[in-house]
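Descriptive analysis of the structure
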Amino acid sequence: MPKHIVSGLRYLAAVELRKKGYPQREIAERLGMDRSTVSHYLNGRNISWNSIEIAEVIRNLCPRDFSTLTYALVKDKEKTRNIVKICSVRKYECNVKNTCIACGICVDVCFMSAIVLEDLKAQIDPNWCCGCVLCGEQCPTNSIEIKEVEDNGDNRTY
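Notes on the structure in this doc start here. (Residues numbered from 1 in each chain as written. Predicted model: local features only at pLDDT ≥ 70, side-chain atom pairs only at ≥ 80, totals over all residues. Heavy atoms only, no water.)

A short note on the layout of surface pockets
Empty space among the atoms becomes apparent when a probe as large as a water molecule is rolled across them. What the largest pocket holds in volume is close to 340 Å³. Lys85, Ser88, Arg90, Lys91 and Asn127 are the residues nearest the centre of the largest pocket, which is lined by 19 residues in total. Broken down by secondary-structure element, the contributors of at least two residues to the lining of the largest pocket are helix 1 (2–19), helix 6 (77–87) and strand 1 (91–96). In terms of residue class, the lining of the largest pocket is made up of 10 nonpolar, two polar and seven charged. (1 Å grid on protein atoms, 1.4 Å probe; cavity = no way out; pocket = protein on both sides within 12 Å on 5 of 7 lines; lining within 4 Å. Points joined across faces, edges and corners; volume = space filled by probe spheres on them. Helix = DSSP H or I, 4+ residues; strand = E, 2+ residues; numbered from the N terminus. Nonpolar A, V, L, I, M, F, W, Y, C, P; charged D, E, K, R; others polar.)

If you want it as structure tokens, here you go:
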């Protein structure tokens, strides 16, 4: 059953990429799939509708549960990163306080590889942050703040 759910997650990601105008070749490359499977997905063949429904439920979980469960099913950090990034619609603002001691714990727990250490301080790329807040929960100095934002054109609201 887990393989079917992973297929459902890949289906959702393929559909999202298609909506954004990606050709089948690029969708296959980004998701690590062959083009014929992508073609089948986009044409609604060879996929269980129950798997898609379960994948939709997983996608609509909070960001932490979505990324954690996807990683548990996919068992590959890079594939998890791609699926979560493609399927996430929320945006986040990330702030690292000067109290950061650059211990690197946040880097290790981030499924999205959104955090790097630069100049003895964690730096978070908001384009890759999925809002799971695992980094902030593990930070020994409570130096990380993640806020969901709504993007209303030029204005952002919290």
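Here's the deal with the nonpolar core
Core analysis: the biggest nonpolar cluster contains 45 residues, and Leu9, Leu31, Ile115, Ile124, Ile144 and Ile146 have the highest contact counts within it. Ranked by the residues each element gives to this core, the list is headed by helix 1, at eight residues. When residues no more than four places from it in sequence are discounted, the contact partners of Ile124 are Cys94, Val96, Ala114, Ile115, Cys129, Ile144 and Ile146. (Core = buried A, V, L, I, M, F, W, Y, C linked by side-chain atoms within 4.5 Å. Buried < 20%, exposed > 50% of the residue type's maximum accessible area, 1.4 Å probe, protein only. Contact = heavy atoms within 4.5 Å.)

Comments concerning the pairing of strand 3 (residues 121–124)
On a regular strand, one side chain projects to one face of the sheet and the next to the other, so that they alternate. Burial along strand 3 is one-sided: the residues Ala122 and Ile124 are buried and none of Lys121 and Gln123 is. Here strand 2 (residues 115–118) runs beside strand 3; their pairing, made up of four bridges, is antiparallel. Bridge pairing in strand 3 links Leu117 to Ala122. From the end of strand 2 to the start of strand 3, which pair antiparallel, there are two residues, and Asp119 there has a positive phi angle of about 50°. (Pairing = 2+ DSSP bridges.)

A few points about the packing of aromatic side chains
Enumeration according to the criterion identifies two aromatic pairs in this entry. With a centroid separation of 5.0 Å and 45° between ring planes, the pair formed by Tyr71 and Phe111 is classed as tilted. Taken together, the residues Tyr71 in helix 5 (residues 63–74) and Phe111 in the loop between helix 7 (105–109) and strand 2 connect sequence positions 40 residues apart. On the basis of relative accessibility, which here comes to 33%, the residue Tyr71 falls in the partly exposed class. Sitting over the face of the ring of Trp128, Arg81 holds its NZ or CZ atom 3.6 Å from the ring centroid. Just above the ring of Trp128 sits the side chain of Lys85; from NZ or CZ to the centre is 5.6 Å. (Phe/Tyr/Trp six-rings, centres within 6.5 Å; stacked < 30°, edge-to-face > 60°. Lys NZ or Arg CZ within 6 Å of the ring centre and 35° of its normal.)

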